[in-house]
Amino acid sequence: MKNKELKILLAAPRGFCAGVERAIEIVKKSIDKYGAPVYVRHEIVHNKHVVDSLKKIGAVFVEELNEIKDQSRPVIFSAHGVPKSVPAEAINLNMEFVDATCPLVSKVHREAENLNKNGFHVILIGHKNHPEVIGTMGQLPKGSIDLVENVEDAKNYTNSKDKLAFVTQTTLSVDDTKDIITELKVKFPQIKQPKKEDICYATTNRQLAVKKIAEKCDMFFVIGSRNSSNSLRLVEVAKNSGCENSILLHSESDVPFDKIDKCKSIGISSGASAPEVLVEQFLDQIKKKYNISVEEVEIVKEDVTFKIPGKLN
């Protein structure tokens with residue numbers, strides 16, 4: 001019998017951003033145009049549900065181009081971006097390729113390249129081994145870009161070059177980068193910073209929406225994948241904004257009903273690569289056990305769209 005009342009605060013915006021929607025559309029349109037299979041280098045976006053649904057219609061996921069047996073088939077580069085060596089390798093192999101890099105990541109690539117051309121040594125604020133970071137660092141010659149992951153790294157960083165500049169990974173939290181940037185500016189007062197924030201609008205909006213409701217929740221759920229940088233940041237943001245009991249719900253997670261039983265209100269958001277159907281499925285599971293009231297708290301309407309590459313139209 002359902003007798004427990006449970007209030008649900010639903011963060012908005014949540015879920016897919018324009019870059020993710022564009023990347024998924026690129027895979028679908030590529031399959032329409034070239035037929036199956038179409039290869040995708042790295043997960044197109046970090047979400048198992050999305051990857052599995054694209055596999056069903058003919059996408060084959062690989063980590064490197066040399067895994068592709070039939071090089072007459074096209075390959076798509078993921079939304080996270082790739083080092084320059086990857087398109088160069090595709091050209092070398094005579095492979096047709098479609099670049100699904102998010103335009104906001106491409107913007108950071110161009111920024112880093114321009115800085116390098118103008119004689120700046122570049123510092124990238126980001127997470128080691130994240131595909132976006134590998135892609136951005138791979139835009140520049142070795143030794144002309146360094147990675148700084150946290151405040152400690154910034155404190156220990158030394159460089160005697162006159163001209164220093166920094167760029168950031170797009171999916172970090174504004175709060176995370178703020179302290180690192182402050183530290184870099186203290187050490188290098190002349191350091192050049194991006195004209196416009198590198199952190200993407202969707203990352204920022206999703207974090208602000210979580211901040212707005214986290215302190216009103218007994219528990220907070222972020223629906224997303226374990227390797228999704230922006231989803232993991234949302235969990236951190238919820239914890240730092242007053243809901244210590246915040247967790248990531250990924251494809252293998254069981255819903256912790258024992259913990260929800262002790263809550264009067266829970267918050268829900270989803271990472272930028274998580275489809276809305278996963279939020280709906282979670283709500284359906286909760287509805288079976290509790291009498292729920294849902295309040296969607298929207299902080300801003302998003303109307304950003306990115307164009308698909310011309311060759312797919």
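Structure: above.
A few points on the structure. Since the model is a prediction, treat every value here as computed from it, not as a measurement.

**Things to note about the sheet that holds strand β5 (residues 97-99)**
Across the sheet, four strands lie side by side as β3-β2-β4-β5; this open sheet has parallel pairing. Looking at which strands have only one partner, the edges of the open sheet turn out to be β3 (59-62) and β5. Ignoring strand direction, the axes of neighbouring strands in this sheet form an average angle of 25°. Here strand β2 (residues 38-41) pairs with strand β4 (residues 75-77) via three bridges, running parallel. Residue pairing for β4: Y39 is matched across the bridge by V75.

**Here's the deal with the packing of aromatic side chains**
In the structure shown here, the tally under the stated rule is four aromatic pairs. Considering the side-chain rings of Y157 and F188, the 5.9 Å spacing of their centres and the 75° angle between planes classify their relative orientation as edge-to-face. One end of the pair, Y157, is in the loop between α6 (151-156) and β8 (164-168); the other, F188, is in the loop between α7 (174-187) and α8 (201-214), and 31 residues separate them in sequence. Between the NZ or CZ atom of K289 and the centre of the ring of F257, over which it lies, the distance is 4.8 Å.

**Details of α7**
Residue pairs spaced three or four apart in an α-helix point in one direction, given the helix's 3.6 residues per turn. With 14 residues, α7 should cover 20 Å at 1.5 Å per step; its first-to-last C-alpha distance of 20 Å lies within 8% of that length. Along α7, the positions that sit buried rather than exposed are T177, I180, I181, E183 and L184. All buried residues of α7 project into a common sector of 160° when viewed along the axis, lining one side. Elements that come into contact with the buried residues of α7 comprise β6 (121-125), β7 (145-148), α6 and β8.

**As for the pattern of salt bridges**
According to the stated counting rule, one finds 16 salt bridges in the structure shown. Measuring nitrogen to oxygen at the nearest pair gives 2.2 Å for the salt bridge that ties K84 to E113. Placement of the pair is K84 in the loop between β4 and α3 (85-92) and E113 in helix α4 (residues 103-117), with a sequence separation of 29 residues. The exposure class of K84 is partly exposed, given its relative accessible area of 40%. Between E111 and K107 there is a salt bridge, and its shortest N-O distance comes to 3.8 Å. Here E111 pairs with K107, and both are found in helix α4, just four residues apart, close to one helical turn. When its relative accessible area of 26% is taken as the criterion, K107 is described as partly exposed.

**What to know about the pairing of strand β1 (residues 5-12)**
With respect to burial, β1 is a largely interior element, six of its eight residues being buried. Bridge count between β1 and strand β12 (residues 291-298): eight bridges; the pairing is parallel. Residue pairing in the sheet places A12 in a bridge with E298 of β12. Two strands pair when backbone bridges link them, and β1 and strand β11 (residues 265-270) are joined in this way by four bridges, in the parallel orientation. In the strand pairing of β11, L10 is matched with I268.

**Concerning the side chain of E183**
If you trace the backbone, E183 turns up in helix α7. One buried charged residue, E183, remains without a salt bridge, the closest side chain of opposite sign being K155 at 4.8 Å. Ignoring any residue separated from it by four or fewer positions in sequence, one finds E183 in contact with V151, A154 and K155.

**A closer look at the environment of N118**
Of note, N118 is situated in the loop between α4 and β6. Sequence spacing of N118 and T171 is 53 residues, and the spatial spacing of their C-alpha atoms is 26 Å. A polar contact of 3.0 Å, which involves the side chain of N118, links it to the backbone oxygen of N114.

**A look at the environment of E96**
Position of E96 relative to the elements: it lies in the loop between α3 and β5. A residue is classified by how much of its surface remains accessible, and E96, at 35% relative accessible area, is partly exposed. For E96 and V75, which are 21 residues apart along the polypeptide, the C-alpha to C-alpha distance reads 6.5 Å. When residues no more than four places from it in sequence are discounted, the contact partners of E96 are Y34, R73, P74, V75 and K311.

Analysis parameters
- Position numbers for residues count from 1 along each chain, tracking the sequence in the order it is written.
- Given that the model is predicted, a residue must reach a pLDDT of at least 70 before its local features are reported, and side-chain atom pairs must reach 80 or more before they are shown or counted; all residues, however, enter totals for whole chains, interfaces and linings.
- The basis for every side-chain value is the complete set of heavy atoms in the structure, and neither hydrogens nor water enter the calculation.
- One requirement defines pairing of two strands: DSSP has to find at least two bridges between them.
- Secondary structure elements follow DSSP: runs of H or I no shorter than four residues count as helices, runs of E no shorter than two count as strands, and numbering proceeds from the N terminus.
- Orientation is described by lines fitted to C-alpha atoms, with helices fitted over the stretch in contact, and by angles between N-to-C directions that extend from 0 to 180 degrees.
- Planes of paired rings set the category: under 30 degrees apart is stacked, over 60 is edge-to-face and the rest tilted, where pairs are Phe, Tyr or Trp rings (Trp by its six-membered ring) whose centres lie within 6.5 Å.
- Only when the NZ of Lys or the CZ of Arg is both within 6 Å of the ring centre and within 35 degrees of the ring normal is a charge said to sit over the ring.
- Each helix should span, by expectation, one fewer than its residue count multiplied by 1.5 Å.
- Residue burial is assigned from relative accessible area. The probe radius is 1.4 Å, only protein chains are included, and a residue is buried under 20% of its type maximum, exposed over 50%, and partly exposed in between.
- The arc under discussion is defined with respect to the helix axis, by the directions toward the C-beta atoms.
- Residue contacts are counted whenever heavy atoms from the two residues lie within 4.5 Å of one another.
- Just to be clear on terms, a salt bridge is a Lys or Arg side-chain nitrogen sitting within 4 Å of an Asp or Glu carboxyl oxygen.
- Charge counting follows a simple rule: Lys and Arg are positive, Asp and Glu are negative, and His as well as the terminal groups are ignored.
- Residues adjacent in sequence count toward polar contacts only when both atoms are side-chain atoms; beyond that, a polar contact is any pair of N or O atoms within 3.5 Å, and within protein one must be able to donate a hydrogen and the other to accept it.

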